[in-house]
Structures are given as C-alpha cells and as structure tokens.
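One letter stands for each residue in the lines below.
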Amino acid sequence: MERRDLLKMIFTATGAALVGLPALASGQVPTAGAKTAFSATDIGTLDEIAETILPRTKTPGAKDAGTGAFMARFVTDCYTAKQQAAFHAGLVDIDKRAGGRFVSLTPQARTELLRTLDAEARKRAVDVGDTGTAEGTRATPHYFTMIKQLAIFGFFTSKVGATEVLQYVAVPGRYDGDLAYVPGTPAWGTS
C-alpha cells in the first residue's frame, strides 16, 4: 500500500486529515533522549484501544504491531502542545466513560464505547468542517479522531501490518503484467 493511499484511507475513515502530518512531513528530528509523556499504563490503554479498532483475527492485531508505543511516540514528536493536551484529556475521558479503566471493560463494552466516541468525532468533524474556527485557525479535532488515525497509521506502517496483513512484495520486484486476481485477496502493501 502506498503511503498516499494510506493517508486517503485515514481521511476516509476519520473524516479529517492526519493530525501531526506537517511535523512528520518536515522531517524534524526529536531531541536526543527525548522521552514520551506517556506512562506504561497509558501505552497499555492505547494498545487496548487500538486492538479494539484493529483486532487480531486470523491475522495479527494492533497490539501485535506495538501500536500503543507508536502512538505515544508520534504524539510526543509530532503533535503541538494543544493537540497533546487534547489527546491526554481524551485518554482520561475514555477511562471516565468506562467507569474506571477502559482495560477493565468487556470486549463488547469496549466496542460500544468506541463506536459512541466515533459517532461524536464524526459529528464534530461535520459541525466544525475544514474551515476551522472564526479566528481562521483550525480547531483541534476530537481526541478519538486522533486516536483512530494513529491506530490505523501505526498498524499499517508497522512491519507486522505491512508484511503479515497486507500482501508484501519487495520493491523492486519482478514485473508481472498478467497477475491473476483471486477474489478476497488482501490489498498489496509495500514498505
């Protein structure tokens, strides 16, 4: 899967452009020894949220790809302070809505909670739109939009996601202009 296609898929799935993309695109190198602002508990919660979004089936899930650690690093390195604050507040809100800790919910309750948050995030994206606020600045997206984007982005750019879930063909590879297509075959992935 081309990165451009992945970014389009993220936009389609969440209704917003990937948050933190300008910092990622500029290639800023984080300071040496930079630490994430996430605890091991936070990373575990992010892993469980990502696993609920992209569960293990006959292929690996988001936890297998270490998506929680990726999300923590991406937020630390690529999000603005305002976006980081919204992301952290979102984790607190998820635990609050779960009645304590998200990880203590049953799988069905986790899915229901995340579906509710996804509906709220989509409604907010429609209400705010791409024009931003009245001051002409973009509004910070709903925290679940950021979480969902990073879960998808982190999983499909990981080695596990690109080689074990998508079909992987090393580039450059041989050219086959008449490749047989079998219905139900996964999309092609490159890394």
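Residues numbered from 1 in each chain as written. Predicted model: local features only at pLDDT ≥ 70, side-chain atom pairs only at ≥ 80, totals over all residues. Heavy atoms only, no water.

Re the overall build of the chain
Item 1. From N to C terminus, the chain includes eight helices and two strands.
Item 2. Helices (α) and strands (β) of the chain occur, in sequence order from the N terminus, as α-α-α-α-α-α-α-α-β-β.
Item 3. When each of the 191 residues of the chain is scored for burial, the buried share is 37%.
Item 4. Long-range pairs, those at least 24 residues apart, make up 64% of the contacts in the chain between residues at least 6 apart in sequence. (Helix = DSSP H or I, 4+ residues; strand = E, 2+ residues; numbered from the N terminus. Buried < 20%, exposed > 50% of the residue type's maximum accessible area, 1.4 Å probe, protein only. Contact = heavy atoms within 4.5 Å.)

What to know about the side chain of Arg 110
Item 1. Within the secondary structure, Arg 110 is located in helix H6 (residues 107–128).
Item 2. When sequence neighbours within four positions are dropped, the list of residues in contact with Arg 110 reads Glu 48, Thr 52, Phe 102, Val 103, Ser 104 and Leu 105.

Digging into the packing of helix H3 (residues 40–53) against helix H7 (residues 143–156)
Item 1. Where H3 contacts H7, the two axes come as close as 10 Å, and the packing angle between them is 75 degrees. The pairing of H3 with H7 is recorded here as roughly perpendicular in orientation. Contacts between H3 and H7 pair Ile 49, Ala 50 and Ile 53 from the former with Phe 144, Ile 147, Lys 148 and Ala 151 from the latter.
Item 2. Its residues placed into classes, the contact of H3 with H7 shows six nonpolar, no polar and one charged. (Axes fitted to C-alpha atoms, helices over the stretch in contact; angles between N-to-C directions. Parallel < 35°, antiparallel > 145°, perpendicular 65-115°, else oblique. Nonpolar A, V, L, I, M, F, W, Y, C, P; charged D, E, K, R; others polar.)

What about H3?
Item 1. With 14 residues, H3 should reach 20 Å at 1.5 Å per residue; the first-to-last C-alpha distance of 20 Å fits that figure.
Item 2. Thr 45, Leu 46, Asp 47, Glu 48, Ile 49, Ala 50, Glu 51 and Thr 52 are the residues of H3 that are buried. (Expected span 1.5 Å × (residues − 1).)

Considering helix H4 (residues 67–78)
Item 1. Given a rise of 1.5 Å per residue, 12 residues ought to cover 16 Å, and the 16 Å separating the end C-alpha atoms of H4 matches this to within 8%.
Item 2. Buried residues of H4: Thr 67, Gly 68, Met 71, Ala 72, Phe 74, Val 75, Thr 76 and Cys 78, and no others.

Remarks on the pattern of salt bridges
Item 1. Here the structure, examined in full by the defined rule, presents nine salt bridges.
Item 2. Note that Glu 120 and Arg 97 form a salt bridge whose closest N and O atoms lie 2.8 Å from each other. Of this pair, Glu 120 sits in helix H6 while Arg 97 is found in helix H5 (residues 81–97), placing the two residues 23 residues apart along the sequence. (Salt bridge = Lys/Arg side-chain N within 4 Å of Asp/Glu carboxyl O.)

What about the packing of H3 against H5?
Item 1. Relative orientation of the contacting elements H3 and H5 amounts to 70 degrees, with a least axis distance of 12 Å. Regarding the angle of H3 to H5, the classification is roughly perpendicular. Residues Asp 42, Thr 45, Leu 46 and Ile 49 of H3 touch H5, and the partners they reach there are Phe 87, Leu 91, Ile 94 and Asp 95.
Item 2. For the contact of H3 with H5, the class distribution of residues is five nonpolar, one polar and two charged.

Focus: the packing of aromatic side chains
Item 1. In the structure shown here, the tally under the stated rule is seven aromatic pairs.
Item 2. Seen from their ring centres, Phe 70 and Phe 74 are 5.8 Å apart, and the 35 degrees between their planes marks the pair as tilted. With Phe 70 and Phe 74 both in helix H4, this residue pair falls four residues apart, about one helical turn.
Item 3. Given a relative accessible area of 5%, Phe 74 falls into the buried group.
Item 4. Taking the centre distance of 6.1 Å and the plane angle of 80 degrees together, the rings of Tyr 79 and Phe 87 count as edge-to-face. (Phe/Tyr/Trp six-rings, centres within 6.5 Å; stacked < 30°, edge-to-face > 60°.)

Observations regarding the nonpolar core
Item 1. In this structure, Phe 87, Ile 94, Phe 102 and Ile 147 are the most contacted members of the largest nonpolar core, which totals 36 residues.
Item 2. When residues of this core are traced back to their parent elements, those giving at least two are H3, H4, H5, H6, H7 and helix H8 (159–165).
Item 3. Tallying contributions element by element places H7 first for this core, with 10 residues.
Item 4. Other than its neighbours up to four places away in sequence, Ile 147 contacts Ile 49, Met 71, Phe 87, Leu 91 and Ile 94. (Core = buried A, V, L, I, M, F, W, Y, C linked by side-chain atoms within 4.5 Å.)

Structural measurements only, silent on function.
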